[in-house]
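Remarks on the overall topology
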Amino acid sequence: MSFTIAIDGPAASGKGTIARQLAAHFGFAHLDTGLLYRAVGRQMLLGVPPLEAAQGLDVTGLDAQALRGPEVAQAASKVAALPEVRAALVDVQRAFARRSGGAVLDGRDIGTVICPEAEAKLFVIAGAEVRAERRWRELVASGHEVTQDEVLADVLARDARDMNRADAPLKPAEDAVTLDTSKMAIADAVAEAIAIVERAG
Ligand code: C5P
């Protein structure tokens, strides 16, 4: 049996944490699809053409820590606007979603494009200032030297690029349940997400 949970939302909305904790709760596998675009973006910064990087991507060996910073994030959202790059990453995401035992995928287009048939869909949002502060704390805690204003600028620039691109723009699927985490502690947001998935199943 396969059961797919699709989680989309803007940068640093809390979707990654919710996805990880949902996966742990239900015993499902988790794929952070942002890491795929970040890995391609990082390769582009190193001079590799984005399509070549996407086609040659080893999705099992992605180093999340090395891919976290704002420079890579910006490059990720630029390569993510290229239809040929998105097309090259579709199959690996769908194969992951169909694995037996259940899967949680988080990204921007999971409920709309990658897994329109997902059994449960969440769209996780939070105010831009809240998101920037959360991401800034995470980055500083993991040793990145960055200001809160720089993180806010990164988040706003990526939101604009991700929502306005022609191919697979960031938007909620019609049947997604929106979860606003602006004023929620993470434990409460996760509990609410679990309840939404249980209602969907
Ligand atoms: O989720 P994360 O912030 O790591 O994603 C980095 C960038 O990758 C996003 O700003 C977006 O441009 C792109 N992305 C995407 N589709 C996905 C996941 C991420 O376009 N499913």
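The name given to the protein in an unreviewed UniProt entry is Cytidylate kinase, with Mameliella alba as the source organism. What UniProt states about the protein under its Subcellular location (unreviewed entry) heading is, verbatim, "Cytoplasm". Reading the Sequence similarities (unreviewed entry) entry of the UniProt record for the protein gives the comment "Belongs to the cytidylate kinase family. Type 1 subfamily."

What follows covers the sheet that holds strand β2 (residues 29-32). Pairing in this open sheet of 5 strands is parallel, and the strands run β2-β3-β1-β4-β5 from one edge to the other. Either end of the sheet is taken by a strand with one partner, and the two such strands are β2 and β5 (177-180). For this sheet, the mean inter-axis angle between neighbouring strands, taken without regard to orientation, is 20°. Sheet topology places strand β1 (residues 4-8) next to strand β4 (residues 120-125); 4 bridges connect them, and they run parallel. Across the sheet, the residue bridging to Ala-6 is Lys-121, located in β4.

Cut-offs used in this document
Residues numbered from 1 in each chain as written. Predicted model: local features only at pLDDT ≥ 70, side-chain atom pairs only at ≥ 80, totals over all residues. Heavy atoms only, no water. UniProt positions renumbered as here; feature names shortened; annotations may be inferred. Pairing = 2+ DSSP bridges. Helix = DSSP H or I, 4+ residues; strand = E, 2+ residues; numbered from the N terminus. Axes fitted to C-alpha atoms, helices over the stretch in contact; angles between N-to-C directions.

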